[in-house]
Amino acid sequence: TSSLDGAVFGQPLVYDGRVIAATENNSVYGLDAHDGHVLWHFNAGPPLTNVVAQTGCGNIDPLGITSTAVIDTASGEVFVVAEIADAHLVVHHELIGLDANTGMEEMTVNADPPAATQNPLHIQQRAGLALGNGRVYIGFGGLSGDCGAYHGWLMSTTESGANKIAFDVTPNSSEGAIWATSGPAIDSQGNVYVSTGNPASDFGESVVKLGPTLQVLSVFNSMAPDDEDLASVGPSLLPGNKLFQTGKQHTGYVLNTNDLTTALATVPTVCSGEADGGNAYSPTLNFLFVPCGSSPISVTALDMSRNPPTIVWRNPSVNGPPILAAGELW
């Protein structure tokens, strides 16, 4: 057990005998994986506090580092995004690269969308970070309650912080959050896949395939009504050029990554309520395990070798997104 300085919302990462954990106080810790003592500690700056009073809504306070970090294991660098309070009603989001062994800062760059179209106060960086093509990919959505004017965004910079680029989910409307905690998925060709929230206009309520520099390549639009976000779970890439997506709608979709336009198969009632978080996939069984935020909270196991996939079992005694480790489902 190790006492940190704030709530931990992002998944801790394990690397080279260290557990890397980040907090809503904008701290990053390197803990010894054997006994939990602090090897290093880095603080990015003050988080946003009194969140509802300053933004109009939200359910995390203080609001600092919320998303799951990502590590480049080749260079030993860990990347985090911190929401930093600059003044009353003024924040920015900073992408920071740290040496995973020592905690020394190696890069830092503003990760916000273009200022002309987005006030950073009204977006939240909840989606897990993704690494590919020598770039870091960063998803943004709104705060809980959808207060303030915001768009869903996918931002990206090189690992050195150069060449920042942006994809706006709703260029002709608003909202369309990229908010699933599991974050974007990246295939072996370097294409990036994101799921988005409401509305169904523009690229909302969709799975979007983007090139490495965020050009749109293919789109599946679920045309979901109201707040039935397809984005509550991130896309899961599967063998055979397939992708699985579900969300608040209860329905699962099997898509062809070469052409997302039309679903190959649908699975009704994957969850009795909304799916929430990130899936786990077993290539040995060809099973996909989906976290369901319904009551009771449960995990659904899907046999992906069937067409359409079939539900093999549900376990109602679990809480949180599953992972596979040491041949077991946790």
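Engineer: What exactly am I supposed to notice about the sheet that holds strand E19 (residues 252-256) here?
Structural biologist: Backbone hydrogen bonds are what pair the strands of a sheet, in a parallel or an antiparallel way. Spatially, four strands are ordered E17-E18-E19-E20 in an open sheet, and the strand pairing comes out antiparallel. Edge strands, defined here as strands with exactly one partner in the open sheet, are strand E17 (236-238) and strand E20 (265-267). The average undirected angle you get between the axes of adjacent strands in this sheet is 25°. Judged from the four bridges that link them, strand E18 (residues 242-245) and E19 form a sheet pairing that is antiparallel. Residue pairing in the sheet places Phe244 in a bridge with Val254 of E19.

Engineer: How should I be thinking about the pattern of salt bridges in this particular structure?
Structural biologist: Pairs can form between side chains of opposite charge whenever their charged atoms are close. For the coordinates displayed, the defined rule picks out three salt bridges. The residue Asp303 makes a salt bridge to Arg306 at a minimum N-O spacing of 3.9 Å. Each of the salt bridges in this network shares a partner with another, and the network as a whole consists of Asp227, Asp229 and Lys248.

Engineer: Just to check I follow, could you spell out the state of the cysteines for this structure?
Structural biologist: By definition, a disulfide links the sulfur atoms of two cysteines through a covalent bond. Going through the model one piece at a time under the given rule, you end up with two disulfides. Covalent S-S linkage joins Cys57 and Cys147, the inter-sulfur distance amounting to 2.0 Å. The sign of the -80° torsion about the S-S bond sets the Cys57-Cys147 disulfide as left-handed. Placement of Cys57 in the loop between helix H1 (51-55) and strand E5 (70-72) and of Cys147 in the loop between strand E10 (135-140) and strand E11 (153-158) is noted, with a sequence separation of 90 residues between them. Overall, the relative accessible area of 9% leaves Cys57 in the buried class. Cys147 sits in the buried class, given a relative accessible area of 12%. The side chain of Cys271 participates in a disulfide bridge whose partner is Cys292; the two sulfur atoms lie 2.0 Å from each other. Across the disulfide from Cys271 to Cys292, rotation about the S-S bond amounts to roughly -70°, and the bridge is consequently left-handed. Placement of the pair is Cys271 in the loop between E20 and strand E21 (280-282) and Cys292 in strand E22 (residues 287-292), with a sequence separation of 21 residues. Per residue, the accessibility class of Cys271 equals that of Cys292, and both read buried.

Engineer: Got a minute to help me understand the side chain of Glu94 in this structure?
Structural biologist: Secondary-structure assignment places Glu94 in strand E7 (residues 90-99). Although Glu94 is buried, it forms no salt bridge, and the closest oppositely charged side chain is Lys164 at an N-O distance of 8.3 Å. Beyond its immediate sequence surroundings of up to four residues, Glu94 is in contact with Val80, Val81, Ala82, Ile84, Thr108, Val109, Asn110 and Ala111.

Engineer: I would appreciate a short explanation of the pairing of strand E6 (residues 77-87) in the present structure.
Structural biologist: Residues in a regular strand project their side chains so that they alternate between the two faces of the sheet. Of all 11 residues in E6, eight are buried, a share of seventy percent or more. Here E5 folds back onto E6, and the loop between the two strands holds four residues, one of which, Gly76, carries a positive phi near 70°. Bridge count for E6 against E7 is 10 bridges, and the pairing is antiparallel. Following the sheet pairing, Glu77 is matched in E7 by Asp99.

Engineer: What exactly am I supposed to notice about the environment of Ser206 here?
Structural biologist: With respect to the helices and strands, the residue Ser206 is situated in strand E15 (residues 206-210). You can call Ser206 buried: its relative accessible area is 0%. Each C-alpha atom, one on Ser206 and one on Asp112, is 23 Å from the other, the two residues being 94 residues apart in sequence. Other than its neighbours up to four places away in sequence, Ser206 contacts Val194, Ser195, Thr196, Val219, Phe220, Asn221 and Leu230.

Engineer: In this structure, what is going on with the packing of aromatic side chains? I would like to understand it.
Structural biologist: Centre-to-centre distance and the angle between the planes together describe a pair of aromatic rings. Following the criterion strictly, the structure yields four aromatic pairs and no others. Seen from their ring centres, Phe220 and Tyr253 are 5.0 Å apart, and the 55° between their planes marks the pair as tilted. Remark: Tyr253 occurs in strand E19 and Phe220 occurs in strand E16 (residues 216-221); sequence separation between them is 33 residues. Each of the two residues, Phe220 as well as Tyr253, counts as buried. For the pair Phe289 and Trp313, a centre-to-centre distance of 5.8 Å together with 40° between the ring planes defines the contact as tilted. Highlighted residues: Phe289 in strand E22 and Trp313 in strand E24 (residues 310-315), separated in sequence by 24 residues.

Engineer: Explain the nonpolar core here, please?
Structural biologist: A general tendency of soluble globular proteins is for nonpolar side chains to be buried together. Among the nonpolar cores identified, the biggest contains 18 residues, and Phe79, Leu95, Leu129, Val136, Ile138 and Phe140 are the most heavily contacted of them. Listing elements by their share of this core, those giving two or more residues are E6, strand E8 (105-110), E10 and E11. It is E10 that contributes the most residues to this core, three residues altogether. The next biggest cluster of nonpolar side chains, apart from the first, holds 17 residues, and it includes Leu13, Tyr15, Ile65 and Ile84.

Definitions and cut-offs
Residues numbered from 1 in each chain as written. Predicted model: local features only at pLDDT ≥ 70, side-chain atom pairs only at ≥ 80, totals over all residues. Heavy atoms only, no water. Pairing = 2+ DSSP bridges. Helix = DSSP H or I, 4+ residues; strand = E, 2+ residues; numbered from the N terminus. Axes fitted to C-alpha atoms, helices over the stretch in contact; angles between N-to-C directions. Salt bridge = Lys/Arg side-chain N within 4 Å of Asp/Glu carboxyl O. Disulfide = S-S within 2.5 Å. Buried < 20%, exposed > 50% of the residue type's maximum accessible area, 1.4 Å probe, protein only. Lys, Arg positive; Asp, Glu negative; His and termini not counted. Contact = heavy atoms within 4.5 Å. Phe/Tyr/Trp six-rings, centres within 6.5 Å; stacked < 30°, edge-to-face > 60°. Core = buried A, V, L, I, M, F, W, Y, C linked by side-chain atoms within 4.5 Å.

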